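Examination of the molecular architecture
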Amino acid sequence: MGTAEAAPAPTDVRTTGVVAAGANGATSVGHTARLSGGATVDSASDAGALARFWTPERMAHAVSLDKVTTSTRPDAAKALAPTGRPGMTPAAPARSGTAGRLRINESAAVGRVFFTNPSNGGSYACSASALNSDSKQMVVTAGHCVHGGSGGTWMTNWVYVPRYRSGARPFGTFAAKQMRTFNSWISSSDLTRDVAMVTTWPLNGNKIVNVTGGHGMSWNFSRTQPITIFGYPGNFNSGESQWVCTGTTRAASNNGLELQCNFGGGSSGGPWLREFNDSNGLGSVNGVMSTVTSAGWNAASYFDDSVKAMFDAQGSVT
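So, a few notes on the structure that sits alongside this text. (Residues numbered from 1 in each chain as written. Predicted model: local features only at pLDDT ≥ 70, side-chain atom pairs only at ≥ 80, totals over all residues. Heavy atoms only, no water.)

**As for the overall build of the chain**
- Along the backbone of the chain there are five helices and 18 strands.
- Burial statistics for the chain: of 318 residues in total, 57% are counted as buried.
- In the chain, the share of contacts with a sequence separation of at least 24, taken over all contacts with a separation of at least 6, comes to 74%.
- Total accessible area computed for the chain in this model is approximately 11,700 Å², and 51% of it derives from carbon and sulfur atoms. (Helix = DSSP H or I, 4+ residues; strand = E, 2+ residues; numbered from the N terminus. Buried < 20%, exposed > 50% of the residue type's maximum accessible area, 1.4 Å probe, protein only. Contact = heavy atoms within 4.5 Å. Areas by Shrake-Rupley, 256 points an atom, 1.4 Å probe, with all protein chains shown as cover.)

The structure is reproduced here in structure tokens:
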């Protein structure tokens, strides 16, 4: 299996926002979302233009972005202890009853992401989920869904479509306002830091978490957890609908988490949820989809104090 990522372009150094320091010296940096022409997405009008840019045809032809690693060795899993004191932030239900009407195995607080890779101008797709914070405007996804990593650049024309299904957008299209990922992902494609958080523009005055509900977040928990994973894997129904995988994770060889779901490209950024509540579609994000091996093992970066520091830095941005 090959990677869907494009050839790298020179690193884009136009970043904004607070540099957040976390555990073990890990830092993250914010970046103002941009259109493919380089202009910032700095108004509701720009956000509306992005929603029109992503036509059903363009979304249908977006390439499901993936990251592929070598096969996991059976003896690679280690009994690693949490790196700090466990903590959780609360989930938040939607303010209206709309998001509560769910199909089985579908969450309104999970959606598909679409963006342009400036390296080649191609259209790509990932997964993401709404994350409850002070701003009520944030989603969480994989680092490689906002930045190309070493030698790469920030993605443009970035939008989040909650509960996307075969072109349908039941809650509308939320454009990125500011995105944040780890410096070690940007500089060296560090898969242990393949995490990003994105502040979105309100849509018609409504904030994403208030519309769909938002997951809580967990950090410093055991790597062995009952987990529910949501995403839009391109190898199932061409990524046109949500899929779910459940099981108990184990430690991965890169100190993250892994579960053999065989979710391919397009599931990147999908939430790995502790304590998922099937009645409201909400849980606690304990990781986001990062990679898949040829044997179908999926991996997520471990959520530690540095991920919490990213949350603290981005969660109040409006």
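**Topic: the side chain of Thr181**
- Secondary-structure assignment places Thr181 in strand E9 (residues 174-182).
- Polar side-chain contacts of Thr181 include one of 2.7 Å to the backbone oxygen of Val195.
- If we ignore the near neighbours within four places in the chain, the residues touching Thr181 are Ser28, Val29, Gly143, Val146, His147, Trp154, Ile186, Arg193, Val195, Ala196 and Met310. (Polar contact = N/O pair within 3.5 Å; in protein donor to acceptor, adjacent residues only side chain to side chain.)

**Section: the pattern of salt bridges**
- Under the counting rule described, the total for this entry stands at six salt bridges.
- Here Asp304 ties to Arg193 by a salt bridge, and the two come within 2.9 Å at their closest N and O atoms. Of the two residues, Asp304 sits in the loop between strand E18 (298-300) and helix H5 (305-314) while Arg193 sits in the loop between helix H3 (183-188) and strand E10 (196-200), which places them 111 residues apart along the sequence.
- On the basis of relative accessible area, Asp304 is assigned to the buried category, the value being 5%. (Salt bridge = Lys/Arg side-chain N within 4 Å of Asp/Glu carboxyl O.)

**Some remarks on helix H1 (residues 44-53)**
- Restricting attention to buried positions, one finds in H1 the residues Asp46, Ala47 and Leu50. The arc that holds the buried residues of H1, viewed along the axis, is 100 degrees, so those residues lie on one side. With respect to the buried face of H1, the exposed residues turned more than 90 degrees away are Ala44, Ser45 and Arg52.
- As for H1, its buried residues are in contact with strand E8 (156-162) and E9. (Arc of directions from axis to C-beta.)

**Section: the environment of Ala47**
- Secondary-structure assignment places Ala47 in helix H1.
- A C-alpha to C-alpha distance of 9.6 Å links Ala47 and Trp158, two positions 111 residues apart in sequence.
- Leaving out residues up to four positions away in the same chain, Ala47 has contacts with Val41, Ala175 and Trp201.

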